[in-house]
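One-letter residues, chain by chain:
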Amino acid sequence: MTKELDPGEVGAQTLRDRTAAALEAAPYCRYLGIRLAPGAPGGELTFHMPFDARWIGNASLPAIHGGVLATFMQAAALTATSAALSNLMPPKLVDFSLDYLSSAGAADLYAQCEMHRVGRRIAAVGIRCWQRSAEEPVALGRAHVYVAHSASDASLRAADQKD
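Residues numbered from 1 in each chain as written. Predicted model: local features only at pLDDT ≥ 70, side-chain atom pairs only at ≥ 80, totals over all residues. Heavy atoms only, no water.

Helix and strand counts for the protein chain stand at five helices and eight strands. Across the protein chain, helices and strands are ordered from the amino to the carboxyl terminus as α-α-α-β-β-β-β-α-β-β-β-β-α. Here the analysis covers contacts within the protein chain between residues at least 6 apart in sequence; of these, 60% occur between residues at least 24 apart. (Helix = DSSP H or I, 4+ residues; strand = E, 2+ residues; numbered from the N terminus. Contact = heavy atoms within 4.5 Å.)

What follows is the structure in structure tokens.
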């Protein structure tokens with residue numbers, strides 16, 4: 001059974017706003033220029049990372065470095081999970097696997113996430129990344145994200161309250 005992000009459950013605009021705020025709050029997302037693409041029909045969230053020549057890993061192709069592509073997909077998974085669950089504490093990546101399907105050329109990247117399962121502690125997220133068409137992905141990823149509160153969260157909250 002697959003569960004997709006359902007804008008009807010949370011409110012499409014609220015979900016977009018929370019996702020945009022989470023992207024803005026993450027320094028590495030700001031550095032990479034990751035943002036939400038204009039709204040898709042049905043309210044599906046699409047992440048967008050504009051091309052920058054600094055992302056090239058293989059200049060002879062040219063191709064975007066695999067680490068940049070992986071970071072983009074991880075950021076999309078964590079942000080989508082955080083926004084969908086509206087937790088106050090950020091989710092934590094447990095594991096991430098990535099299938100590179102083709103070289104990502106010198107062009108913008110896009111990604112969409114699908115929540116396969118959300119449990120009390122772990123969420124399973126699928127990520128599809130493409131350049132020209134969502135039907136022709138350059139990479140597919142799977143992430144397990146820890147969504148429960150942990151002992152370290154309590155110490156972070158205590159530190160925030162002292163400030």
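Read on, since the account is not over.
What follows deals with the nonpolar core. A general trend in soluble globular proteins is that nonpolar side chains are found buried together. Within the largest apolar cluster, 38 residues are counted, with the highest numbers of intra-cluster contacts made by I34, F47 and L109. Mapped onto this core, the elements with two or more residues apiece are α2 (12-25), α3 (27-32), β2 (47-49), α4 (66-85), β6 (109-118), β7 (122-130) and β8 (137-146). It is α4 that provides the largest number of residues to this core, a total of eleven residues. Dropping the residues within four chain positions of it, I34 is found in contact with L23, C29, F47, H48, M49, F72 and A75. (Core = buried A, V, L, I, M, F, W, Y, C linked by side-chain atoms within 4.5 Å. Buried < 20%, exposed > 50% of the residue type's maximum accessible area, 1.4 Å probe, protein only.)

A few words now on the pattern of salt bridges. Applying the stated criterion across every chain yields a total of two salt bridges. Of the charged contacts, one joins D52 and R54 as a salt bridge, the two residues approaching to 3.0 Å between their closest N and O atoms. Exposure remark for D52: the relative accessible area of 24% places this residue in the partly exposed category. Between D99 and R142 there is a salt bridge; the shortest N-O distance is 3.3 Å. In this pair, D99 sits in strand β5 (residues 92-100) while R142 sits in strand β8, placing the two residues 43 residues apart along the sequence. (Salt bridge = Lys/Arg side-chain N within 4 Å of Asp/Glu carboxyl O.)

Below, the discussion takes up α4. Here α4 spans 29 Å end to end across 20 residues, near enough to the 28 Å set by a 1.5 Å rise per residue. Burial of α4 is extensive: 15 of the 20 residues sit out of reach of the surface. (Expected span 1.5 Å × (residues − 1).)

Attention now goes to the sheet that holds strand β1 (residues 35-36). With respect to topology, six strands assemble into an open sheet ordered β1-β2-β6-β7-β8-β5, the strand pairing being antiparallel. The open sheet has two free edges, formed respectively by β1 and β5, since each of these has just one partner strand. Inspection of the sheet shows β1 paired to β2 by two bridges, in the antiparallel sense. When the sheet's bridge partners are listed, L36 is paired in β2 with F47. Along the sheet face, α4 touches β2, β5, β6, β7 and β8 and points at about 135° away from the line of β5. (Pairing = 2+ DSSP bridges. Axes fitted to C-alpha atoms, helices over the stretch in contact; angles between N-to-C directions.)

Let's shift gears to the environment of T71. Assignment of secondary structure puts T71 in helix α4. You can call T71 partly exposed: its relative accessible area is 27%. With 39 residues separating them along the chain, T71 and L32 place their C-alpha atoms 9.1 Å apart. Discounting chain neighbours no more than four positions away, the residues touching T71 are Y28 and L32.

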